[in-house]
Amino acid sequence: MAGEIHVEEGPFGPEVRPEGTAVEQTVLYLHGDPRLAGTPQDAVPTARELARHTGCTVVCARYRLHFPEALEDVSAAWQHCRDRGPGPAAVAGKRLGGALAAGLLLRLRDEGAALPTCAVLSSPVLDFTLDASSLLLNAAADRTLDAEALSVRAAAYAGTTPRSQPLLSPLHGNLHGLPPIQLHAAGTEMLLDDTLSLATRAAHSGVEVDMRIYEDSSAQGLRQLEATAAFLRTWCSTGLATAQRS
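Residues numbered from 1 in each chain as written. Predicted model: local features only at pLDDT ≥ 70, side-chain atom pairs only at ≥ 80, totals over all residues. Heavy atoms only, no water.

**Student:** Is there a simple way to think about the overall build of the chain in this case?
**Tutor:** Across its full length, the chain holds seven helices and 10 strands. The C-alpha radius of gyration computed for the chain amounts to 17 Å, which stays within 12% of the reference 18 Å derived for 246 residues, consistent with globular compactness. Its C-alpha atoms give the chain principal-axis dimensions of roughly 60 × 40 × 35 Å. Looking at the chain residue by residue over its 246 residues, the buried ones come to 53%. Long-range pairs, those at least 24 residues apart, make up 79% of the contacts in the chain between residues at least 6 apart in sequence. Here the chain contributes 20 positive and 28 negative side-chain charges, whose respective centroids are spaced 3 Å apart. (Helix = DSSP H or I, 4+ residues; strand = E, 2+ residues; numbered from the N terminus. Rg over C-alpha atoms; globule rule 2.2 N^0.38 Å. Buried < 20%, exposed > 50% of the residue type's maximum accessible area, 1.4 Å probe, protein only. Contact = heavy atoms within 4.5 Å. Lys, Arg positive; Asp, Glu negative; His and termini not counted. Charge placed at Lys NZ, Arg CZ, Asp CG, Glu CD.)

**Student:** Just to check I follow, could you spell out the sheet that holds strand β8 (residues 181-186) for this structure?
**Tutor:** Two pairing modes exist for strands in a sheet, parallel and antiparallel, and in both the strands are linked by backbone hydrogen bonds. Taken in spatial order, the eight strands line up as β1-β2-β5-β4-β6-β7-β8-β9 in an open sheet, and their pairing is mixed. The sheet is open, and its two edges are formed by β1 (5-10) and β9 (209-214), each paired on a single side. Neighbour-to-neighbour, the strand axes of this sheet turn through a mean angle of 15 degrees, independent of strand direction. Seen against the sheet, helix α7 (residues 217-235) touches β4 (26-30), β6 (89-94), β7 (119-122), β8 and β9 and runs at an angle of roughly 170 degrees to β8. (Pairing = 2+ DSSP bridges. Axes fitted to C-alpha atoms, helices over the stretch in contact; angles between N-to-C directions.)

**Student:** I'm lost on a nonpolar patch on the surface in this one. Help?
**Tutor:** Together, L196, M211 and I213 make up an exposed nonpolar region whose accessible area comes to about 210 Å². Note on placement: L196 falls in helix α6 (residues 192-204). (Patch = residues over 30% accessible without salt bridge, like charges linked within 9 Å, V, L, I, M, F, W, Y side chains within 5 Å. Areas by Shrake-Rupley, 256 points an atom, 1.4 Å probe, with all protein chains shown as cover. Salt bridge = Lys/Arg side-chain N within 4 Å of Asp/Glu carboxyl O.)

**Student:** So what exactly am I meant to see when it comes to the packing of aromatic side chains here?
**Tutor:** The description of an aromatic ring pair uses the distance of the two centres, along with the angle that the planes make with each other. One pass over the structure, following the stated rule, counts three aromatic pairs. Ring-pair connections join several aromatic residues into one group, and the members of that group are F67, F128 and Y157. (Phe/Tyr/Trp six-rings, centres within 6.5 Å; stacked < 30°, edge-to-face > 60°.)

**Student:** Help me out: how do you make sense of α6 in this one?
**Tutor:** Because each turn of an α-helix spans 3.6 residues, side chains separated by three or four positions in sequence point in the same direction. The terminal C-alpha atoms of α6 lie 19 Å apart, and with 13 residues this matches the ideal 18 Å at 1.5 Å per residue to within 8%. If you check which residues of α6 are buried, you get L192, D193, D194, T195, L198, A199 and A202. Contact partners of the buried residues in α6: β7, α4 (134-137), β8 and β9. (Expected span 1.5 Å × (residues − 1).)

**Student:** Just checking my understanding: could you explain the confidence of the model for the chain for this structure?
**Tutor:** Here the chain shows a mean pLDDT of 92. Residues at 70 or above account for 95%. In the predicted structure, residues 238-246 sits below a pLDDT of 50 and forms 20 contacts with residues beyond four places in sequence or in another chain. (pLDDT = per-residue confidence, 0-100.)

**Student:** Can you walk me through the pattern of salt bridges in this structure?
**Tutor:** Any two side chains of opposite charge can pair if their charged atoms end up close together. In total, this model carries 10 salt bridges according to the counting rule given. One salt bridge in this structure joins R223 and E215, with 2.8 Å as the shortest N-O distance. Taking relative accessible area as the criterion, R223 reaches 42% and is therefore assigned partly exposed. Through salt bridges that share partners, E72, R107 and E111 make up one connected network.

**Student:** Looking at this model, I keep getting lost on the pairing of strand β2 (residues 13-18). Mind explaining?
**Tutor:** Consecutive side chains along a regular strand alternate between the two faces of the sheet. The element β2 is largely enclosed, with a buried count of five among its six residues. Inspection of the sheet shows β1 paired to β2 by six bridges, in the antiparallel sense. The partner of E9 across the bridge, within β2, is P14. Here β1 hands over to β2 after two residues, the two strands then running antiparallel side by side. Sheet analysis places β2 next to strand β5 (residues 57-60), joined by two bridges and oriented antiparallel. By the bridge assignment, E15 is partnered in β5 with V59.

**Student:** Whenever I open this one, the nonpolar core confuses me. Can you help?
**Tutor:** Soluble globular proteins tend to bury their nonpolar side chains together. Among the nonpolar cores identified, the biggest contains 48 residues, and L28, L30, L100 and F128 are the most heavily contacted of them. Those elements that place two or more of their residues in this core are β4, α2 (69-84), β6, α3 (96-111), β7, α5 (147-158), β8 and α6. Broken down by element, the residue count for this core peaks at nine residues, all from α3. For F128, the residues in contact, after removing those within four places along its chain, are L36, L96, A99, A154, Y157, R163, L168 and S169. If you look at the next biggest cluster of nonpolar residues, it comprises 19 residues, including I5, V58, C118 and C236. (Core = buried A, V, L, I, M, F, W, Y, C linked by side-chain atoms within 4.5 Å.)

As C-alpha cells, then:
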C-alpha cells in the first residue's frame, strides 16, 4: 500500500499518484453523482484512496455534460492514459461516469483499439430509456435519487441521440469481447436493474463479471473501495508500481 499521495492538475483533470514510486499503471476515473453531474474534483477523495491501495496513478477526467461530447472527452482522456505507459491501464466510473466507462469499452472494441485491462462500474446509468422496473420498485427506498429529476437530466444529457443508442446506453450494445468488469450497486437503488442486466448480458457474452450488491448505499460506501482496489490490483498486476531508484 502506498504512503504519501500527490495531486496535480493534468491536461485532462486532476492526476493523483503515489509519491516515491515509479508508477506504471493508470486508472482513468470518471466521476458522477445522483444528478448526472459533478466535477472531477468531486472524485479526488476516491482517487486518493484508490492510488493509496493500488499504487496506480488515477486520472480524474473532465467531460462535458452532453452526449456525444462527453464520450469524445473521455476517449481523449483514455488516450492520454495510454500514452503515459508503459504499464496497463484500467477505467472506472460512477453513475454517469459508469455509463461513459462502458460506452468507452464498446467504442474501443468496435474501433479495434487497445482495451482497458478491466473496468469498474459503480451504480452506473446504463439504459437512458429509463424503463427498468427498479426505477419504480425502489423509488421509496432510494434516498439518493429522484425519478423526476433523473428523467429531466437524462433527457438533457442525451439530447437528440436515440435513447437506445449503444454508446449512450451500453445495456443495448453487443458486449462480446469486453475485458473483465466489476459492478457495484446497492440493492435499494433505483438503477439496480441496470447493473443486474449488464452483469447477466455480459456473462452470457463470455465476459468475466464480478458483481457486488450491497444492502444499501451506506454499506456500499463502506465496502466498495476495498473490493475495487483488489480487482484493479489483480487485473493490472503485470505493471505494479515499483520503488524508484535513487
